[in-house]
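Residue-level listing of the chains:
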Amino acid sequence: MENLIFGRNSVIEAIKAGRSINKIYLLDGGDNSIKKIFALAKENKIVVEFVSRAKLDKICTEKNHQGVVAQAAAVQYSTLEEILNFVAEKNQQPFLILLDELEDPHNFGAILRTADAVGVHGVIIPKRRSVQLNSTVAKISVGAVEYVKVAQVTNVAETLKKLRELDLKIVGSDISAEKNFTESDLTGGIVLIIGNEGKGMRRLTRENCDLLVKIPMCGKINSLNASVAGAVLMYEIFRQRNL
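Overview of the structure. For clarity, every value in this text was computed on a predicted model and none was experimentally measured.

## Digging into a nonpolar patch on the surface
Then, in step 1: Taken together, the side chains of I175, M217, L224 and V228 define a hydrophobic patch exposed on the protein surface, amounting to about 320 Å² of accessible area.
Then, in step 2: Here L224 lies in the loop between β11 (211–214) and α9 (226–241).

## Some details on unusual backbone geometry
Then, in step 1: A positive phi is found at Q66, a non-glycine position, where the angle reads about 60°.
Then, in step 2: Note that Q66 resides in the loop between α3 (53–59) and β4 (68–72).
Then, in step 3: The class for Q66 is partly exposed, based on a relative accessible area of 44%.
Then, in step 4: Of note, the phi angle at V142 is positive, near 50°, even though the residue is not glycine.
Then, in step 5: Within the element layout of this structure, V142 appears in the loop between α6 (135–140) and β7 (149–153).

## Section: the side chain of E236
Then, in step 1: Relative to the helices and strands, E236 resides in helix α9.
Then, in step 2: Relative accessible area serves as the criterion here: at 7%, E236 is assigned to the buried category.
Then, in step 3: Only 2.8 Å separates the side chain of E236 from the side chain of Q240, close enough to count as a polar contact.
Then, in step 4: Among all residues touching E236, those that are not within four sequence positions of it are F181, T182 and L186.

## A look at the nonpolar core
Then, in step 1: Core analysis: the largest hydrophobic core is formed by 35 residues, its most contacted members being I97, L99, F108, L112, V123, L133 and M234.
Then, in step 2: Filtering out sequence-adjacent residues up to four positions away, L112 remains in contact with V123, L133, V137, S141, A144, V145, V148 and V150.
Then, in step 3: Counting 17 residues, the second-largest nonpolar core is a separate cluster that includes L96, L98, I124 and I170.

## Looking at the environment of S173
Then, in step 1: Here S173 is to be found in strand β8 (residues 169–173).
Then, in step 2: You can call S173 partly exposed: its relative accessible area is 29%.
Then, in step 3: Through-space distance from the C-alpha of S173 to that of V145 is 24 Å; in sequence the pair is 28 residues apart.
Then, in step 4: Non-local contacts of S173, meaning those with residues more than four positions away in its chain, are made with I193, M201, V213, I215 and L233.

## A short note on the packing of aromatic side chains
The description of an aromatic ring pair uses the distance of the two centres, along with the angle that the planes make with each other.
Then, in step 1: What the rule picks out here adds up to two aromatic pairs.
Then, in step 2: Consider the rings of F38 and F50, whose centres lie 5.3 Å apart with planes at 55°: the pair is tilted. Here the residue F38 occupies a position in helix α2 (residues 32–43), and F50 occupies one in strand β3 (residues 48–51), the gap between them amounting to twelve residues.
Then, in step 3: A residue is classified by how much of its surface remains accessible, and F38, at 32% relative accessible area, is partly exposed.
Then, in step 4: Judged by centre distance (5.9 Å) and plane angle (80°), the ring pair of Y235 and F238 falls under edge-to-face.

## Topic: the side chain of S227
Then, in step 1: Here S227 shows up in helix α9.
Then, in step 2: Within the structure, S227 has its side chain in polar contact with the side chain of N107 (distance 3.1 Å).

## Brief notes about the sheet that holds β4
Two pairing modes exist for strands in a sheet, parallel and antiparallel, and in both the strands are linked by backbone hydrogen bonds.
Then, in step 1: Pairing within the open sheet is mixed, and its four strands lie in the order β1-β4-β2-β3. If you trace the sheet from one side to the other, it starts and ends with β1 (4–6) and β3, each paired once. Each neighbouring strand pair of the sheet contributes to a mean axis angle of 20°, computed without reference to strand direction.
Then, in step 2: Strand direction decides the pairing type here: strand β2 (residues 21–27) and β3, joined by four bridges, are parallel. Opposite I24, over in β3, you have V48 as the bridge partner.
Then, in step 3: Each of β2, β3 and β4 touches α2; the most contacted strand, β2, lies at about 155° to it.

About the cut-offs
- Counting restarts for each chain, with residues numbered from 1 along the sequence as it is written.
- Restriction of local features to residues with pLDDT of at least 70 applies here, the model being predicted, together with a cutoff of 80 or more for giving and counting side-chain atom pairs; totals for whole chains, interfaces and linings are based on all residues.
- Based on all heavy atoms of the structure, the side-chain values leave hydrogens and waters out of the count.
- Patches here are clusters of residues that have more than 30% relative accessible area and form no salt bridge, with a 9 Å joining cutoff for like charges and a 5 Å cutoff for nonpolar side chains (Val, Leu, Ile, Met, Phe, Trp, Tyr).
- Accessible areas in this description were obtained via Shrake-Rupley with a 1.4 Å probe; residue shielding takes into account the shown protein chains only.
- By definition, a salt bridge exists where a carboxyl oxygen of Asp or Glu is found within 4 Å of a side-chain nitrogen of Lys or Arg.
- Helix and strand definitions follow DSSP, with helices as H or I runs of at least four residues and strands as E runs of at least two, each counted in order from the N terminus.
- Categorising residues by exposure relies on relative accessible area from a 1.4 Å probe, with only protein chains included: less than 20% of the type maximum marks a residue as buried, more than 50% marks it as exposed, and the intermediate range marks it as partly exposed.
- We call two N or O atoms a polar contact when they sit within 3.5 Å, provided that within protein one can donate a hydrogen and the other can accept it, with sequence-adjacent residues counted only if both atoms are side-chain atoms.
- The contact rule is simple, with two residues in contact once any of their heavy atoms fall within 4.5 Å.
- Among buried residues, the Ala, Val, Leu, Ile, Met, Phe, Trp, Tyr and Cys ones that are joined through side-chain atoms within 4.5 Å form a nonpolar core.
- Note on aromatic contacts: the rings of Phe and Tyr and the six-membered ring of Trp form a pair at centre separations within 6.5 Å, being stacked when their planes are under 30 degrees apart, edge-to-face when over 60 apart, and tilted otherwise.
- Each pair of strands is called paired provided DSSP finds at least two bridges between the two strands.
- For helices, the axis comes from a line fit to the C-alpha atoms of the stretch in contact; other axes are also lines fit to C-alpha atoms, and the angle between any two N-to-C directions lies between 0 and 180 degrees.

Next comes the structure, spelled out in structure tokens:
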């Protein structure tokens, strides 16, 4: 695991400096200073996991980690507000991607690469139960991670409701949808949802969609890799936006 910050003071200063941190691992049963770091992380809405010393030693080969190891993001996260302001400055219709509990960093990196190619303004990911920005994502994206803004959100359903209130169309992919993606209106402000590799979109996420589309297939396998399906749909949105 790369992009690690270890040691109590180093992690505290990283939090105070506003560094993008995916997760903090704390020694289970630690002393008061460990509890203070937990409180600071909670205040800053950073995911914390209490683990054994053996697991900390495995995560961080440096034995002087002092019971605290933070996994930092490969690049700085944006906020959803920053992404929306960025779109407003460009005077364009928003084109956003929401990853619903995607797990594979290779898929995430490939999605970012395509997102950069088609002019996506930003990608939204959940803070929990989702792949985060790490060195593997950065490598697979071939530099796109430096150009496509990524925001973390605590509640996906509430985020989708907020975006709908801004007149964005929420679009999900589902094999049971009535319309093929090429037969659907994918113009205007849009949020494209790419679901989990195995389970697809969660039920609550699906219920928050304004439009479900399907990618037709004639083979014996009834699904595509998440990044491939995402690329197909992103390019159709790109095509319709540029007619």
